Amino acid sequence: MANFPIAEFENQRTPFYFYDIELLRNTLNVIKEHSNRPDYHVHYAIKANVNAVVLEEIRKAGLGVDCVSGGEVEAALNAGFEANKIVFAGVGKSDWEIELGLEHDIACFNVESLPELEIIQEIASKMGKVARVALRVNPNVDAHTHHYITTGLAENKFGINLEKLDEIIEKAMMMTNVELQGLHFHIGSQITITEPFKVLCEKVNALQAKYAEKGVTFKSINVGGGLGIDYDNPDENPIPDFKGYFETFKNYLKLNEGQELHFELGRSIVGQCGSLITRVLYVKEGTEKKFAIVDAGFTELIRPALYEAHHNIENLTSDGEVEKYDVVGPICESSDCFGKEEMLPKMRRGDIVALRSAGAYGEIMASQYNCRKLPKSIYKM
Ligand code: LLP
């Protein structure tokens with residue numbers, strides 16, 4: 001069990017997020033160590049978490065940002081990230097979001113369709129700007145992850161299908177206010193095996209070779225994010241295998257002389273440093289099972305309800321005998337359940353419980369359903 005400042009928790013109103021900033025710092029150091037090459041550029045996928053303290057640590061580490069909305073571009077700029085390290089993806093960019101990116105001269109728009117490219121050209125031309133773009137290619141790679149978070153299959157809404165790519169590249173190269181920089185890929189999230197990344201490298205190599213024959217080369221390749229974390233063993237594996245991850249690309253991806261390689265990591269950077277802290281309100285004895293009813297619900301952490309995800313549940317204040325519980329929240333929906341048949345030390349009213357590995361896609365996906373308050377956060381610096 002992680003070393004939580006339980007005495008500090010006792011005085012706080014629950015639920016709240018707890019961030020271990022020391023772990024985040026160590027994680028960032030490992031990333032820097034293994035991506036320390038002039039041609040590697042790591043962007044933080046800010047959709048995973050925009051907590052100000054978390055962002056400040058990531059900014060200090062020198063990472064860029066990957067955004068998927070105008071709001072995220074603003075959040076990144078407000079947090080002090082440099083516009084020339086911001087890339088902007090997303091299938092449905094509104095005009096104002098494109099204008100915002102152009103106004104600030106962001107590094108690159110990751111473009112997902114021909115109609116989007118045409119609108120970027122039109123807006124850039126009106127503004128007297130040149131938009132740097134990368135085309136997001138749907139590489140049709142199976143990431144072997146939950147179907148809700150896989151993105152690189154042909155049937156997916158993301159990216160440009162391989163058959164359409166020639167035509168769009170040709171058009172992009174003719175556009176006066178668009179500068180085609182490269183190709184962008186993202187195959188999915190929570191990928192815990194090497195194979196899909198290897199397959200991605202091979203696809204990128206084949207594409208680059210094909211275009212080189214036609215005399216088309218790219219300044220940059222962006223391989224997206226997706227590296228997973230160990231939700232089952234957060235204490236044994238607090239920092240993902242970044243060494244192995246970056247080595248896979250070093251070993252399997254053929255970059256041209258001087259070509260840049262960009263990464264967009266979200267979950268692997270912030271996932272393990274956050275926990276949702278909640279209190280047991282009631283223990284209800286059903287006819288067949290016991291329910292531990294806690295004061296956090298899917299309003300604070302929606303991943304179990306939305307993706308059937310499991311976050312380890314730890315009772316931080318009980319060392320009683322282990323019993324079987326369904327751990328549920330107070331929201332008026334049956335899906336508001338964090339775990340079924342969890343083996344936990346005797347749960348009592350007032351016990352403090354941690355839902356682990358909640359640093360990514362936790363706080364940021366919180367909602368006010370049932371008129372609940374958005375969760376606050378506390379930190380171990
Ligand atoms: N780049 C692009 C284009 C993406 O769509 C994503 C995530 C990332 C990078 C970062 O992926 P990561 O390194 O975090 O795997 N809410 C879901 C995850 C959605 C991921 C969406 N795209 C969850 O809680 O599991």
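Residues numbered from 1 in each chain as written. Predicted model: local features only at pLDDT ≥ 70, side-chain atom pairs only at ≥ 80, totals over all residues. Heavy atoms only, no water.

Give a description of the overall build of the chain that names residues and reports values.
Across its full length, the chain holds 11 helices and 17 strands. At 22 Å, the chain has a C-alpha radius of gyration in line with the 21 Å of a compact globule built from 381 residues. With the C-alpha coordinates aligned to their principal axes, the bounding extent of the chain is approximately 70 × 40 × 40 Å. In the chain, which comprises 381 residues, the proportion classed as buried is 55%. (Helix = DSSP H or I, 4+ residues; strand = E, 2+ residues; numbered from the N terminus. Rg over C-alpha atoms; globule rule 2.2 N^0.38 Å. Buried < 20%, exposed > 50% of the residue type's maximum accessible area, 1.4 Å probe, protein only.)

Describe the domain arrangement of the chain, naming the residues involved and giving the relevant values.
Domain parsing of the chain yields domain 1 (6-15 + 272-380) and domain 2 (21-270). Its C-alpha centre places domain 1 at a distance of 33 Å from the equivalent point of domain 2. Facing the 22 residues of domain 1 at the interface are 24 residues of domain 2. For the pairing of domain 1 and domain 2, the buried interface totals around 2100 Å² over both sides, and the portion due to carbon and sulfur atoms is 52%. If you look at where domain 1 meets domain 2, you find 1 salt bridge. One salt bridge in this structure joins Asp235 and Arg356, with 3.0 Å as the shortest N-O distance. The tally of links from domain 1 across to domain 2 stands at 13 residue pairs in polar contact (both at pLDDT 80 or more). Elements with a contribution of two residues or more to the side of domain 1 that touches domain 2: helix H11 (303-307) and strand E17 (376-380). (Domains from an automatic or database assignment. Contact = heavy atoms within 4.5 Å. Buried area = accessible area lost by both parts, 1.4 Å probe. Salt bridge = Lys/Arg side-chain N within 4 Å of Asp/Glu carboxyl O. Polar contact = N/O pair within 3.5 Å; in protein donor to acceptor, adjacent residues only side chain to side chain.)

Give a description of the nonpolar core that names residues and reports values.
Formed by 92 residues in total, the largest nonpolar core has its most connected members in Phe109, Phe249, Ile269 and Val270. For this core, the leading source of residues is helix H8 (residues 195-213), giving 6 residues. For this core, the two domains that each supply at least three residues are domain 1 (6-15 + 272-380) and domain 2 (21-270). Among all residues touching Val270, those that are not within four sequence positions of it are Leu24, Tyr44, Ala48, Asn49, Val54, Ile58, Gly359 and Ala360. Within the second largest apolar cluster, 9 residues are counted, among which are Phe4, Phe18, Leu316 and Ala354. (Core = buried A, V, L, I, M, F, W, Y, C linked by side-chain atoms within 4.5 Å.)

How would you summarise the environment of Ala305 if you had to cite specific residues and measurements?
Positionally, Ala305 belongs in helix H11. Assessed through its relative accessible area of 28%, Ala305 is described here as partly exposed. A C-alpha to C-alpha distance of 45 Å links Ala305 and Gly258, two positions 47 residues apart in sequence. Apart from the residues lying within four places of it in its own chain, the contact partners of Ala305 are Phe298 and Ser335.

Residue-level account of the side chain of Gln121, with values.
With respect to the secondary-structure elements, Gln121 resides in helix H6 (residues 114-127). A polar contact of 2.8 Å, which involves the side chain of Gln121, links it to the backbone nitrogen of Asn177. Excluding residues within four positions of it along the chain, Gln121 makes contact with Met175, Thr176, Asn177 and Val178.

Run through the packing of aromatic side chains, naming residues and quoting values.
Enumeration over the complete set of coordinates arrives at 19 aromatic pairs. Look at Tyr245 and Phe246: their rings are 5.2 Å apart centre to centre, the planes differ by 75°, and that puts the pair in the edge-to-face class. Across this residue pair, the class does not change: Tyr245 and Phe246 are buried. In textbook terms, an aromatic cluster arises when at least three aromatic residues are bridged by ring pairs, as seen for Tyr40, Phe197, Phe242, Tyr245, Phe246, Phe249 and Phe263. Sitting over the face of the ring of Phe88, Lys93 holds its NZ or CZ atom 5.5 Å from the ring centroid. (Phe/Tyr/Trp six-rings, centres within 6.5 Å; stacked < 30°, edge-to-face > 60°. Lys NZ or Arg CZ within 6 Å of the ring centre and 35° of its normal.)

Break down the site of the ligand for me, citing the residues and quoting the values.
Surrounding the ligand, one finds 19 residues, the nearest of these being Ser189, Glu264, Arg303, Tyr307 and Tyr361. Interatomic distance of 3.4 Å between a side-chain N/O atom of Asp66 and a nitrogen atom of the ligand. The separation between an oxygen atom of the ligand and a polar side-chain atom of Arg303 is 2.6 Å. When isolated, the ligand has an accessible area of 590 Å², and the protein chains bury 92% of it. Every element with two or more residues in the shell around the ligand is listed here: strand E10 (260-265) and H11. For the shell around the ligand, the residue count by class is 6 nonpolar, 7 polar and 6 charged. If you count residues domain by domain, the shell around the ligand takes at least three from each of domain 1 (6-15 + 272-380) and domain 2 (21-270). (Near = heavy atom within 4 Å. Areas by Shrake-Rupley, 256 points an atom, 1.4 Å probe, with all protein chains shown as cover. Nonpolar A, V, L, I, M, F, W, Y, C, P; charged D, E, K, R; others polar.)

Which residues make up the packing of helix H7 (residues 162-174) against H8, and what values go with them?
Two elements in contact, H7 and H8, have axes whose closest approach is 13 Å; the angle formed by their N-to-C orientations is 40°. The interaxial crossing formed by H7 with H8 has right-handed handedness. Contact residues: Leu162, Leu165, Asp166 and Ile169 in H7; Leu207, Lys210 and Tyr211 in H8. Grouping the amino acids of the contact of H7 with H8 by side-chain chemistry returns 5 nonpolar, no polar and 2 charged. (Axes fitted to C-alpha atoms, helices over the stretch in contact; angles between N-to-C directions. Left-handed = near helix turned anticlockwise from the far one by under 90°.)

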